[in-house]
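One-letter residues, chain by chain:
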Amino acid sequence: MSRFKAYLRALGAIVWKDLAAELRSRELLSSMLVFALLVILIFNFALELDIKARDTITAGILWVTFAFAGTLGLNRSMASEKDRGCLDGLLLAPVDRSAIYFGKAIGNLVFMFIVEIIVLPVYSVLYNVNLFQPGLLLVIFLGSLGYVAVGTLLATMAVQVRTRDILLPILLFPLALPVLIASVKASNGFLQAIPLAEIMPWLNLLIVYDIIFTAIAFMVFDYVVEE
Amino acid sequence: MMISVRNLVKRFGPKTVLHRLDFEVGAGDFVGLLGPNGAGKTTLLRILASLSRPAAGRVQIAGYRLPAQAAQVRRRLGVVSHQPLLYGDLTAEENLFFYGRMYALEEVKTRAAEVLHLVGLYSRRSDLVRTFSRGMRQRLAIGRAVLHDPEVMLFDEPHTGLDQDACAMLDTVLSEIAARGRTVVMTSHDLARVADLATRFDVISRGKIVASGTRQEIGPDNLLRFYRQAVKSAEGEV
């Protein structure tokens, strides 16, 4: 078997394992989903939004929800590997360790997308906003990709210490700030039907962020997991 | 030599855990690595398993150097540690399929079935691992470790937490592995169990191998005395 084929097979095995285990336990998805739905409900009741306010802060609330739920998922996804000692099992496999990173990142991305797919229609109904616009969906895809790319790497670092639940948000939010700002700005642009030319810089920022942080994670993951 | 370690040093912050340690294991040997808590047994095994990077020294397994040729070493290595490294929400068979894919095995299903027969869990292959007893998990952990038919096996206190029946069953599996000519290094606090399995005994204390002898050299009933003397003299030197 060629090295590349073995790499893809290992990567696929990690994604399959995460999805199969989650399908049975529903531990991670249920906590992410409950948290996300609670956040949008609390915002809905707390802000008692008028139509004008809704237009301006919808994107912000949406990304706060995704970011918090995503952090919860990232933390639990790596913590479950560490607590069961399974991280060592993955590290013992004779594959390039970046396959472990990409496998875990794809699994985390799938969980984040599932939560987003459920949250979006609920949000649309509660806030009376049409969120099913191709442009907005593209922003959600790119934003989630960047958030998970950096989040998976930091979750692997944070899981080594006892204070991981606190450490991950402290490390993640400052580093994810560009992706969150760009996502909110671009989402707002699509929701308020701003010309595409004005949204493009934010979309470009998201694409560049995704590429840079995926590349950094690919290069440093081996050192992050090394004892 | 299948395993060759020279002048190995490992530090955790200011604390030096392994002090210029030398350790060699020939092909087909079954070495019992004995030592008190904190002696450096697990640290040594983690370095051999390429899970931990040494501060200094040379480590070579099956002719490949660590950490430079870690992937080649991992392909030839099976590791059983305190934790079974298994996923509770997957079945026994699914766990082996998963690790088989991680090791790029061609005939995963056939090999998984063989291994499940070897560790006596074929009839429970479709059960979730979280429903298994500690002994069954440990047997499946051995199955996971031998799945890719490694040349070298590292066992870090595999009997921990097992009842007498489970220990006896584990010993049968370990004997079968040794009979197949695999090189084995096993740490344990249970001298009686190691005495039955190992062909050579190394005592580690304060980060150094302080005594070494074959089963013939030490004698069948003298392992406890050999161990105590080695640890006592090592502590006396400090």
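About the cut-offs
Residues numbered from 1 in each chain as written. Chains lettered and ligands numbered in written order. Predicted model: local features only at pLDDT ≥ 70, side-chain atom pairs only at ≥ 80, totals over all residues. Heavy atoms only, no water. Buried < 20%, exposed > 50% of the residue type's maximum accessible area, 1.4 Å probe, protein only. Helix = DSSP H or I, 4+ residues; strand = E, 2+ residues; numbered from the N terminus. Pairing = 2+ DSSP bridges. Axes fitted to C-alpha atoms, helices over the stretch in contact; angles between N-to-C directions. Salt bridge = Lys/Arg side-chain N within 4 Å of Asp/Glu carboxyl O. 1 Å grid on protein atoms, 1.4 Å probe; cavity = no way out; pocket = protein on both sides within 12 Å on 5 of 7 lines; lining within 4 Å. Points joined across faces, edges and corners; volume = space filled by probe spheres on them. Nonpolar A, V, L, I, M, F, W, Y, C, P; charged D, E, K, R; others polar. Domains from an automatic or database assignment. Contact = heavy atoms within 4.5 Å. Buried area = accessible area lost by both parts, 1.4 Å probe. Polar contact = N/O pair within 3.5 Å; in protein donor to acceptor, adjacent residues only side chain to side chain. pLDDT = per-residue confidence, 0-100. Parallel < 35°, antiparallel > 145°, perpendicular 65-115°, else oblique. Left-handed = near helix turned anticlockwise from the far one by under 90°.

1. A word on helix α1 (residues 41–48) of chain B
Residue and element names in this part refer to chain B. Most of α1 sits inside the fold, with 6 of its 8 residues counted as buried. The complete set of buried residues in α1 reads Lys41, Thr43, Leu44, Leu45, Ile47 and Leu48. Trailing α1 by a residue or two, Ser50 shows a phi angle of about 65 degrees, which is positive.

2. A look at the sheet that holds strand β2 (residues 15–25) of chain B
All names here are of chain B. What the 4 strands build is an open sheet, ordered β2-β1-β4-β5; its pairing is antiparallel. Looking at the sheet topology across the chains shown, the edges are occupied by β2 and β5 (64–66). Taking the axes of each pair of neighbouring strands and ignoring which way they run, one obtains an average angle of 30 degrees across the sheet. Note: strand β4 (residues 56–61) against β5, 3 bridges, orientation antiparallel.

3. Here's the deal with the pattern of salt bridges
If you walk through the whole model with that rule in mind, you get 20 salt bridges over all chains. Asp22 of chain B is paired through a salt bridge with Arg6 of chain B; the nearest N and O atoms lie 3.9 Å apart. Of this pair, Asp22 of chain B sits in strand β2 while Arg6 of chain B sits in strand β1 (residues 3–12); the two residues are 16 residues apart in sequence, bridging distant segments of the chain. Where salt bridges share partners, they join Lys17, Asp18, Glu81 and Lys104 of chain A into one cluster.

4. Thoughts on empty space enclosed by the protein
Residue and element names in this part refer to chain B. Going through the model one piece at a time under the given rule, you end up with 2 cavities of 30 Å³ or more. Roughly 80 Å³ of internal volume is contained in the largest cavity. Of all elements in the fold, only α4 (108–118) and α6 (164–179) reach the threshold of two or more residues within the lining of the largest cavity. Here the residues of the lining of the largest cavity are counted per class, giving 5 nonpolar, no polar and 5 charged. Viewed by domain, the lining of the largest cavity spans two of them, domain 1 (3–76 + 150–237) and domain 2 (84–149), each represented by three or more residues.

5. Examining the interface of chain A and chain B
Taken together, the 28 residues of chain A in the interface contact 31 residues of chain B. Between chain A and chain B, roughly 3000 Å² of surface is buried when both sides are summed, and carbon and sulfur atoms account for 57% of that area. The salt bridge involving Asp88 of chain A is made with Arg46 of chain B; its shortest N-O contact spans 2.8 Å. Inspection of the region where chain A meets chain B yields 11 residue pairs in polar contact (both at pLDDT 80 or more). At the level of elements, α1 (3–25), α3 (51–83) and α4 (86–91) of chain A are the ones that each hand at least two residues to the side of chain A that touches chain B. Residue composition of the side of chain A that touches chain B, grouped by class: 15 nonpolar, 3 polar and 10 charged.

6. Regarding unusual backbone geometry
The peptide bond linking Leu66 of chain B to Pro67 of chain B adopts the cis configuration, its omega dihedral lying at 0 degrees. Note on placement: Pro67 of chain B falls in the loop between β5 and α2 (70–75). We note that Arg26 of chain A has phi near 50 degrees; this positive angle belongs to a residue other than glycine. Locating Arg26 of chain A in the fold gives a position in the loop between α1 and α2 (27–47).

7. Observations concerning the sheet that holds strand β6 (residues 77–80) of chain B
Residues and elements named next belong to chain B. Pairing is mixed across the open sheet formed by 6 strands, whose spatial order is β6-β7-β8-β3-β9-β10. Pairing within the sheet leaves two strands with one partner each, and these edge strands are β6 and β10 (208–214). Across the sheet, the mean angle from the axis of one strand to that of its neighbour is 15 degrees, orientation sign disregarded. Pairing between strand β9 (residues 200–205) and β10: 6 bridges, direction antiparallel. Residue Asp202 lies in a different strand from β10, and its bridge partner there is Ser212. Where α6 meets the sheet, its contacts fall on β3 (30–34), β7 (152–156) and β8 (183–187), and the angle it forms with β7 comes to roughly 155 degrees.

8. Observations concerning the side chain of Ser50 of chain B
With respect to the helices and strands, Ser50 of chain B occurs in the loop between α1 and β4. Apart from residues no more than four positions distant in its own chain, Ser50 of chain B is found in contact with Arg97 and Glu226 of chain A together with Leu66, Ala70 and Arg74 of chain B.

9. A word on the confidence of the model for chain A
Overall, the prediction assigns chain A a mean pLDDT of 91, with 98% of residues at 70 or greater. Averaged pLDDT values over the elements of chain A bottom out at 88 in α3 of chain A and peak at 95 in helix α6 (residues 134–158) of chain A.

10. Notes on the packing of helix α3 (residues 92–102) of chain B against α4 of chain B
All names here are of chain B. α4 packs onto α3 with a crossing angle of 125 degrees between their chain directions and a minimal axis gap of 9 Å. On the basis of the axis angle, α3 is oblique to α4. At the point where α3 passes α4, the crossing takes the right-handed sense. Taking contact as the criterion, the partners of Ala92, Glu93, Leu96, Phe97, Gly100 and Arg101 in α3 are, on α4, Val108, Lys109, Ala112, Val115 and Leu116. Counted by class, the contact of α3 with α4 contains 7 nonpolar, 1 polar and 3 charged residues.

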